[in-house]
Amino acid sequence: MRNQDRIKAVLTLSPSIILIGLFVYGFIGNTFWISLTDWGGVAALAVNPVKNYAGFTNYIDLFTGFLGGGFRQDLVNAVYYSVMLLAGAIGVGMFLAVMLDSKPKGEAFFRTVFLYPMSLSFIVSGTIWRWMLSPQGGVNILPEYAGLQPFTFRWLSSTGSILEFNWQNLLEIAIYLVSAVLLIIGLRLFAKTPRQSLLWLIPGIALGLFAWLGGEMLPKALFMEETHGFNKATFGIILATIWQYSGYTMALYLAGFTGISQDLRDAAMLDGATTASYYRHIALPMVKPITISAVIILSHISLKMFDLIFAMTGPDNGQTGHPALNMYLTTFRANDFARGAAIAIILFLIAGTFIIPYLVSSYRQRRGKP
Amino acid sequence: MAQVELKKVIKRFGSTEVVHGVDLFIEDDEFIVLVGPSGCGKSTVLRMIAGLESISSGEICINGQSVNEVAPKDRNVAMVFQNYALYPHMSVYENIAFSLKMAKESKSQIKDKVQQAAEILELTPYLQRKPAELSGGQRQRVAMGRAIVRQPAVFLFDEPLSNLDAQLRTQMRMELKKLHLKMKTTTIYVTHDQIEAMTLADRIVILKDGYIQQIGSPIELFERPVNRFVARFIGNPPTNIIPASLHKHDGRTSVRMGTLSLPVVSPPAGADSQQVLVGIRPDIIKTGDGLHSLPDEWQVQAEVIVSEVLGGQSLLEFSAGGTTMIAELEGRVQARPGEMITLGFDLSRLLFFDPRTEEAIY
Ligand SMILES: Nc1ncnc2c1ncn2[C@@H]1O[C@H](COP(=O)(O)OP(=O)(O)OP(=O)(O)O)[C@@H](O)[C@H]1O
Ligand SMILES: [Mg+2]
């Protein structure tokens, strides 16, 4: 009987295993292979295109090559975009959830209103926001209704950038970042286990000092200076994405808050907690799994972003570019299939760094339970 | 150390009134138990004292100061909830320390106080565990620890033991009693377990449908209940309530239940052949050795319906003169159904109630 069950199970699952194996993992492998070739150029669309193994040239070119500057700016854009979207959508969503958690009048109505933008397609919301953020309309003329000067900020077409850094010093910056992470972990451990925290603090300090003193000697990532930063023109896109997704994070948090028993809130009130300290010490720590899911979902959305940018600033806007758009243009407009594949793999790896720790921890949790 | 006073406190949820003008004065260091059937408003009264529920009308005073407008955290009361309401993401230490942390006490002070509380409650080995890693009894103690650590003026307990098994409940009841003797803090304790009420309380408040039925010491409630409800509610098994009539003859009064007629020692006021309800507590019925102290005319022949032996005592359901009653007899009385047995009633402890108002008549 058990054997029969097992055979049935295998039979039922095998079509999906085969299909997923082929069309998901097989194609990821194939993409990776293509990224290691030189498929592209004039004869790229021939019936039997020439594909020579080229090692990691495409990757090296993208990160350090003379012509990879556009991609590098897109990558920097994606990082700023993710960070700002996470902070904005989680911040606004949390705030709305806290407001609605106190059960004001019309709570159900507001919940629907805030969640509604989620249901729009990015093309629709992109078009709406493009109009809203146009230089002489929408948001910019709002102050005129109050008799004030209109805003002049060009949401989608500014050219300045802030928080700039030199790509040449990539290695130095990476070492600083690692050192900062080590120091933060070490300091957090310090209160509990001062011994163990030294294991983190000492390498952290050493790396920091090394980068500070020896930074000049480190190999440069590029042969010339190349500054990248947060382009002000992406601000409008970030705003639109936050608008679209904060209702979603609100719904996640609201579900979490509603799941906390009233007794806990009462107990906290009697223990002397204010509303703010209730959320800070009780409610938010308890919905930590929700914060983690929100971070993962939102960082994915920001890494995959394509249509909203396409609708708001068009595909060729160098200021507001994004690796996903770049991948599309490189592959299908420049017919540089190998380099497009390399961009795809880079995006895939970045996404992996977000999702793999999450999968591992949730798998462990499930295993831990009886 | 605090007195708590409720003056004509009314609570309405929407248009339904669930607490109807409760008046109650609680002395310093008193242990008050609120009992009553489910849904009678016990938790609501407690939550109003804590400030978790607003009051619709009336006034609550702590130490003579009206606290109607005072936030829960400023009332200096601590509450233990039925499901403990421990913070699941915090260790036992952090749970107990939370109120002190909110009060911005210094780290070393918090440490001292938490350790002291943990010592009293024997929680020291568990301080680093999360609530999920504790047994029911340990969680209960953490909830207590959280309450005692801030040395509040008033303790409020809402059925704190009802999630524990019978043995643990008895043990924790003793602990609670000891704790109260040690800490001497005014305590208001809600339960629907009358054994808890009888053993813990200085005074018991009996609630029914949002009305106070009676306030008094456990013995007072047991011996002189003010109405049929209280007589039935306090005592287990409950008082037998039997329709009867009182007859006066030659200056002596007798009570007739069915064909059974028994003399009345201290007759209540009332006319001849007045209809009453007689309350007979199961423990005033005796048999065997217990009969020696009772006059012959207080004894009757009864037919056994069923008997149960509970260790040192026995429960006997019997029929006498056409009425069925339950007796709680000393010793192991093994009687077969249908057997005749001699039973005596301690008639000095009969209770009488007006059949219409169900109030006691003395
Ligand atoms: N938030 C509320 N809204 C409406 N009615 C309520 C609310 N809370 C309690 N009630 C009603 O008030 C009455 C008293 O409730 P309460 O919780 O005080 O009962 P209780 O005596 O504690 O019962 P139990 O022994 O079951 O805990 C009940 O009839 C209940 O339905
Ligand atoms: Mg209750």
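## Describing the overall build of chain A
No. 1: A tally of helices and strands in chain A yields 15 helices and two strands.
No. 2: Projected onto its principal axes, the C-alpha coordinates of chain A cover approximately 80 × 75 × 55 Å.
No. 3: Counting across all 370 residues of chain A, residues that qualify as buried make up 39%.
No. 4: Pairs at least 24 residues apart make up 71% of the contacts formed inside chain A by residues separated by at least 6 positions.
No. 5: Of the roughly 21,400 Å² of accessible surface on chain A, a fraction of 70% belongs to carbon and sulfur atoms.

## A look at the pattern of salt bridges
No. 1: With the rule as written, the count across this model stands at 18 salt bridges over all chains.
No. 2: Ionic pairing is found between Arg339(A) and Asp61(A), a salt bridge with its closest N-O pair at 2.8 Å. Of this pair, Arg339(A) sits in helix α15 (residues 337–368) while Asp61(A) sits in helix α2 (residues 57–64), placing them 278 residues apart in sequence.
No. 3: The exposure class of Asp61(A) is partly exposed, given its relative accessible area of 31%.
No. 4: Among the salt bridges present, the one from Glu223(B) reaches Arg349(B), with a minimum N-O distance of 3.5 Å. One end of the pair, Glu223(B), is in helix α7 (residues 218–223); the other, Arg349(B), is in the loop between β19 (340–345) and β20 (351–353), and 126 residues separate them in sequence.
No. 5: Among the residues examined, Arg349(B) registers a relative accessible area of 23% and is labelled partly exposed.
No. 6: Each of Asp266(A), Arg47(B) and Glu53(B) takes part in salt bridges that share partners, so that together they form one network.

## Overview of the pairing of strand β6 (residues 77–80) of chain B
All names here are of chain B.
No. 1: Neither face of β6 is exposed, since Val77 and Met79 on one face and Ala78 and Val80 on the opposite face are all buried.
No. 2: Sheet topology places β6 next to strand β7 (residues 154–158); four bridges connect them, and they run parallel. Looking across to β7, one finds that Ala78 is bridged to Phe155.

## As for the site of ligand 1
Residue and element names in this part refer to chain B.
No. 1: Near ligand 1 the following residues occur: Phe13, Val18, Ser38, Gly39, Cys40, Gly41, Lys42, Ser43, Thr44, Glu159 and His192.
No. 2: A distance of 2.8 Å separates an oxygen atom of ligand 1 from a polar atom in the backbone of Gly39.
No. 3: Contacts to ligand 1 include Cys40, whose backbone N or O atom sits 3.2 Å from an oxygen atom.
No. 4: If ligand 1 stood free it would expose 630 Å²; the protein chains cover 57% of that surface.
No. 5: Among the elements that take part in the shell around ligand 1, helix α1 (residues 42–50) stands out by supplying three residues, more than any other.

## Overview of the sheet that holds β19(B)
All names here are of chain B.
No. 1: In space, the five strands of this open sheet follow the order β15-β19-β16-β17-β18, with antiparallel pairing throughout. If you trace the sheet from one side to the other, it starts and ends with β15 (285–286) and β18 (323–330), each paired once.
No. 2: Here strand β16 (residues 299–310) pairs with β19 via five bridges, running antiparallel. The residue of β19 that forms the bridge with Ala302 is Ile341.

## Observations concerning a positive patch on the surface
No. 1: On the surface, Arg188(A), Lys192(A), Lys288(A) and Lys130(B) cluster together into a patch of positive charge.
No. 2: Mapped onto the elements, Lys288(A) comes out in helix α12 (residues 288–304).

## A word on the domain arrangement of chain B
All names here are of chain B.
No. 1: Looking at chain B, the domain boundaries give domain 1 (4–233) and domain 2 (240–353).
No. 2: For domain 1 and domain 2, the distance between their C-alpha centroids amounts to 39 Å.
No. 3: On the domain 2 side, the residues contacting the eight residues of domain 1 number seven residues.
No. 4: Between domain 1 and domain 2 the total buried area reaches about 700 Å² when both faces are included, carbon and sulfur atoms providing 60% of it.
No. 5: Taken together, the links from domain 1 to domain 2 amount to one salt bridge.
No. 6: For the interface between domain 1 and domain 2, the tally reads three residue pairs in polar contact (both at pLDDT 80 or more).
No. 7: Broken down by secondary-structure element, the contributors of at least two residues to the side of domain 1 that touches domain 2 are α7 and α8 (228–233).

Calculation rules
- The residue numbers shown here count from 1 along each chain, following its written sequence.
- Whichever chain is written first is A, and whichever ligand is written first is 1; the rest continue in order.
- Predicted model: local features are reported for residues with pLDDT of at least 70 only, side-chain atom pairs are reported and counted for 80 or more only, and whole-chain, interface and lining totals are derived from all residues.
- The side-chain quantities take in all heavy atoms of the structure and omit both hydrogens and water.
- Helix numbering and strand numbering both begin at the N terminus, where a helix is a DSSP run of H or I of at least 4 residues and a strand a DSSP run of E of at least 2.
- Exposure categories follow from relative accessible area, calculated using a 1.4 Å probe and restricted to protein chains: below 20% of the type maximum is buried, above 50% is exposed, and the middle band is partly exposed.
- The contact definition used throughout considers only heavy atoms, calling two residues in contact when any of these lie within 4.5 Å.
- Accessible surface area values rest on a Shrake-Rupley calculation with a 1.4 Å probe, where residue burial reflects the displayed protein chains alone.
- What counts as a salt bridge is simple: a side-chain nitrogen of Lys or Arg found within 4 Å of a carboxyl oxygen of Asp or Glu.
- At least two DSSP bridges between two strands are needed for those strands to be called paired.
- We call a residue near a given molecule or strand whenever any one of its heavy atoms falls within 4 Å of it.
- By the criterion applied in these results, polar contacts are pairs of N or O atoms within 3.5 Å in which, for protein atoms, one can donate a hydrogen and the other can accept it, and in which residues neighboring in sequence qualify only through two side-chain atoms.
- The patches described consist of residues with a relative accessible area above 30% and no salt bridge, like charges being joined within 9 Å and nonpolar side chains (Val, Leu, Ile, Met, Phe, Trp, Tyr) within 5 Å.
- Only four residue types enter the charge count: Lys and Arg as positive, Asp and Glu as negative, with His and the chain ends excluded.
- Positions of charges follow a simple convention, taking NZ of Lys, CZ of Arg, CG of Asp or CD of Glu.
- Domain ranges listed in this record stem from an automatic or a database domain assignment.
- Joining two parts hides part of their accessible area as seen by a 1.4 Å probe, and the buried area is that hidden amount summed over both.

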